[in-house]
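Tertiary structure, described
These are the residues of each chain, in order.
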Amino acid sequence: MYLPPHDPHVDDPMRFKPLFRIHLMERKCATVECMYGHKGPHNGHIQIVKKDEFSTKCNQTDHHRMSGGRQEEFRTWLREEWGRTLEDIFHEHMQELILMKFIYTSQYDNCLTYRRIYLPPSSPEDLIQPGLFKGTYGSHGLEIVMLSFHGKKAKGTKITGDPNIPAGQQTVEIDLAHPLQLPDIENLRDFSELSRIVLEVQEQVRREEQEREQQQEEEEEHSQQAASQPASPLGGEGAEGEETAAGAEGTTQDKAPASQPFVLPMGVISRNEDYPRTCRVCFYGTGLIAGHGFTSPERTPGVFVLFDDDRFGFIWLELKSFSLYSRIKVSFQNAQAPSREAFDEMLKNIQSLAT
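Here the residue numbers are simple positions, counted from 1 along each chain's written sequence. Local features in a predicted model are, by the rule used here, given only for residues with pLDDT of at least 70; side-chain atom pairs are given and counted only at 80 or more, and totals for whole chains, interfaces and linings are based on all residues. The basis for the side-chain values is all heavy atoms of the structure; hydrogens and waters are excluded.

Thoughts on the overall build of the protein
- Here a helix means four or more residues in a row that DSSP labels H or I, a strand means two or more in a row labelled E, and each is numbered from the N terminus. Scanning the protein from N- to C-terminus turns up six helices and 18 strands.
- C-alpha atoms of the protein, sized along the principal axes, occupy 80 × 60 × 35 Å.
- Here the term buried applies to any residue with accessible area under 20% of the maximum for its type, exposed to any over 50%, and partly exposed to those in between, with areas from a 1.4 Å probe on protein chains only. Across the 355 residues that make up the protein, the buried fraction comes to 39%.
- Sequence separation of 24 or more characterises 54% of the internal contacts of the protein that already satisfy a separation of 6 or more.
- Exposure was quantified through the Shrake-Rupley algorithm and a 1.4 Å probe, taking into account, for residues, occlusion by the shown protein chains and nothing else. Working note: accessible area of the protein is about 20800 Å², and carbon and sulfur atoms make up 52% of it. Should any heavy atoms of two residues lie within 4.5 Å, those residues are considered in contact.

Shown next as structure tokens:
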């Protein structure tokens, strides 16, 4: 199991913890050992469920218990997971969330189902190399997000989740067609000024979506009428080709912008104050928020901030919160998707599982 570093140190390396091991024996036999707990390897079981899916089961869960009971287990888990003691955490809401996470994760006793995930495919047009990133999520600690590019959109999908937003959900969506021009550094400190800029773009996006829907309806109506008429020998391919070329040229020109000073507006909370003070470019985006148990989920406006090839941030406007993300530089073998279609299908599957 790859664990994120201790909150809020997103630039630290991932941590490695073995969960089970398999000894291959003669005559195609094998023994499985569970590595969970603090009493050493013990008897376990692995079952292949279907293609790209398997389950593990511990046969001796008493090896997971500690002599001091659940309280000792919780304190040990807290040191390993968070690198601190409960006394270090003064915020009552954060204590509640951490306890909730411990209860949720420990109830499975390493009886888990694993499903394959693919790393996102890349193309030369991508803003940065897609991949896995560690991100700060307030009192939830660090979580793992997969950044992938889909034309004029970029998506951040949760690989690990929390009591509010489960793994598999799309935590942020970046609208690459709508870059944001931030105010100068002094005005950027004013949250209301940033909020005004973002909400104006949100309204613009809403109008454009309405226009597209209306245009699509008109085109469908026109195509139905044209179906009953003879086809014209002169098609509109030339004009369409010119439009596509112009769009592609615009995309190339938008890339590689000059860096600009960056500072978080007053009142925006950040778990990590050690964020870069310059950024390359910002885009309008939306972030997913919800109540405990993924209740009343909604997409809210925000700002995607690209710092460099390995770090980006997201300002959650409604929460007045900032998440900082740093690339995971672990090399995963055989994790590339066989095709773009296979990757897109995987994204749909993990989202449907979470829902």
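Moving on from the model shown.
A word on the confidence of the model for the protein
- Per residue, pLDDT captures the predictor's confidence, and it can take any value from 0 to 100. Considering every residue of the protein, the mean pLDDT works out to 86; 90% of them sit at 70 or more.
- Below pLDDT 50 for its whole length, residues 232-256 participates in five contacts with residues either more than four positions away or in separate chains.

Examining the nonpolar core
- Leu180, Phe262, Val303, Ile315 and Phe322 are the most contacted members of the largest nonpolar core, which has 26 residues in total.
- Those elements that provide at least two residues to this core are helix H4 (191-226), strand E15 (281-291), strand E16 (295-306) and strand E18 (321-327).
- Top contributing element to this core by residue count: H4, with six residues.
- In this view, Phe262 contacts Leu182, Ile185, Leu188, Tyr275, Pro276, Arg277, Thr278, Cys279, Val305, Phe307 and Ile315; residues no more than four positions away in its chain are not counted.
- Core analysis: the second largest hydrophobic core is formed by 19 residues, Leu176, Val281, Ile289 and Phe314 among them. Here the nonpolar core consists of buried residues drawn from Ala, Val, Leu, Ile, Met, Phe, Trp, Tyr and Cys, with membership extended through side-chain atoms lying within 4.5 Å.

What about the pattern of salt bridges?
- The salt bridge criterion pairs a side-chain nitrogen of Lys or Arg with a carboxyl oxygen of Asp or Glu, the two atoms within 4 Å. Under the defined criterion, the tally for this structure stands at 23 salt bridges.
- Three or more residues joined by partner-sharing salt bridges are found here, namely Arg65, Arg70, Glu73 and Asp109.

Observations regarding the environment of Leu319
- Note on placement: Leu319 falls in the loop between strand E17 (311-316) and E18.
- Judged by its relative accessible area of 47%, Leu319 falls in the partly exposed class.
- Through-space distance from the C-alpha of Leu319 to that of Ile269 is 8.7 Å; in sequence the pair is 50 residues apart.

Notes on the pairing of strand E3 (residues 20-24)
- For two strands to pair, DSSP has to find at least two bridges joining them. Two elements, E3 and strand E4 (residues 30-34), share five bridges in a ladder whose sense is antiparallel. Counted as the bridge partner of Ile22 is Val32 from E4.

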